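In case you want the letters, here they are:
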Amino acid sequence: MSTLLHTRRRHAPTEVESNLTSMIDVVFLLVVFFILVSQVVSREAEPLDLPKVPDAAAAVAGEDPRLVVNVLSDTSQPGVGLRAMVLGQPFSLDSDGCQALSNRVAVDLEQRPDLAIHLRADREVHFEWIHPVLEALRAASARVDGAEAKVHLVLLEPAS
Amino acid sequence: MSASETKQHIPEDACSEARRAQRRRDRKFDRRSNWRPALNLTSMIDVVFLLLVYFMVATEFKRAEVIERLDLPNRLGAGVADPFEVPDHPVVITVFSQDTNSGRSTVAAGFTIGIEGPFPQPTTLESLTTLLSERRMGGTGGRGLWPDDHPIVLRPAAGTDWEHVVRAFDATARAGYNNISLNPNAG
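Because the structure is predicted, anything quoted here is derived from the model rather than measured.

(A) Structural view of the environment of A:L119. Position of A:L119 relative to the elements: it lies in strand β5 (residues 116–121). Residue A:L119 is classed as buried on the basis of its relative accessible area, which comes to 0%. A sequence separation of 50 residues divides A:L119 from A:V69, and the C-alpha atoms of the two residues are 5.0 Å apart. Ignoring anything within four residues of it in the chain, the contact list for A:L119 reads A:V69, A:V71, A:I130, A:V133, A:L134, A:V151, A:H152, A:L153, A:V154 and B:W162.

Here you go:
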């Protein structure tokens, strides 16, 4: 062995490598999961302030088929209902919009008569804006044969 | 050893730059050496972790949502009235938010509840629950006369916040009744 080669060998850095393939697999899986989950959540449930009820006699929603009706508040006018949202589709709260909402809910009730309707309303919306929505849900249920309006009020889980 | 090692006796200064480069290439592509192509994944992992952290922070970990059953009575269809049924006069509970029109941006601080009829007026939600539970058959005290499905109508006044309606609904439902409806025009 020559001195040249000998010195080169001695100075060659030792590389310790780990196999990162499985870690990258897992991390990509997590990234995809979070992307999908954030999209699903924003599609069905609009961001709003749910009513807070201390020690409410409420139950955690199961996995039964449901249709979520959101009632959003107007941020510029407190207490005024702005619109109702069903799966990202907006409905105004006047008589025309409520008629359209009733038709929309009736279409889903035709397919699944046991559909539960979850009413997510902002806590500061006044009741006179919620009432037309309730009437629209009741009208939709009355129009579909064999359907009964199983309306559930959604509220925030009480802090334990 | 490899082919390059056989040329080791050539003095270093005699090697031209081209020959040294040739020798390096020879060593690289020598079949017997352990050289393998490797990919440096460090920067990709950095980016992916950055994305992961971003999505974890951007995701709202919400508090769970719970539901209360409100089975709207289906009274729009033409129902046939039972002639032998004793008409039940519903209990009407009024809800009214205080100082609703003061330009606030949040829910009003307090609200007033009341029962129409010859009942002691409840001041808090707890007293409303107690009052209704004492009048229910099988409720507290055991002297109540109202069945579980005795009709109870919540009548929120105009301008009542939805949260206060839900609270009054919850207090009524906790007394054990299951026929509660919301109607601003009742009574």
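(B) Representation of the confidence of the model for chain B in the model. Confidence in the prediction of chain B, expressed as mean pLDDT, is 74, and 70% of residues score 70 or more. Scored below 50 in pLDDT, residues 1–6 of chain B shows 11 contacts in the model against residues more than four places distant or in partner chains.

(C) Geometry of the side chain of A:S73. Of note, A:S73 is situated in strand β2 (residues 66–73). One polar contact links A:S73 to A:E124, side chain to side chain, over a distance of 3.1 Å.

(D) Inspection of the nonpolar core at higher detail. Core analysis: the biggest nonpolar cluster contains 56 residues, and A:L101, A:L119, A:I130, B:W162 and B:L182 have the highest contact counts within it. Broken down by element, this core gets its largest block of residues, seven residues, from helix α4 (residues 127–143) of chain A. With residues up to four places along the chain from it excluded, the contact list for B:L182 reads A:F127, A:L134, A:R138, B:L70, B:L154, B:W162, B:V165 and B:F169. Judged by nonpolar contacts, the second largest core, of seven residues, contains A:L50, A:L72, A:M85 and A:L156.

(E) The arrangement of the packing of helix α3 (residues 95–111) of chain A against α4(A) in detail. All names here are of chain A. Across the interface, α3 lies against α4 with an axial gap of 8 Å and an inter-helix angle of 40 degrees. Judged on the interaxial angle alone, α4 and α3 are oblique. As α3 runs across α4, the sense of the crossing is right-handed. Contact residues: C98, Q99, L101, S102, N103, V105, A106 and L109 in α3; P132, V133, A136, L137, A139, A140, S141 and R143 in α4.

Conventions used here
- Residues numbered from 1 in each chain as written.
- Chains lettered and ligands numbered in written order.
- Predicted model: local features only at pLDDT ≥ 70, side-chain atom pairs only at ≥ 80, totals over all residues.
- Heavy atoms only, no water.
- Helix = DSSP H or I, 4+ residues; strand = E, 2+ residues; numbered from the N terminus.
- Buried < 20%, exposed > 50% of the residue type's maximum accessible area, 1.4 Å probe, protein only.
- Contact = heavy atoms within 4.5 Å.
- pLDDT = per-residue confidence, 0-100.
- Polar contact = N/O pair within 3.5 Å; in protein donor to acceptor, adjacent residues only side chain to side chain.
- Core = buried A, V, L, I, M, F, W, Y, C linked by side-chain atoms within 4.5 Å.
- Axes fitted to C-alpha atoms, helices over the stretch in contact; angles between N-to-C directions.
- Parallel < 35°, antiparallel > 145°, perpendicular 65-115°, else oblique.
- Left-handed = near helix turned anticlockwise from the far one by under 90°.

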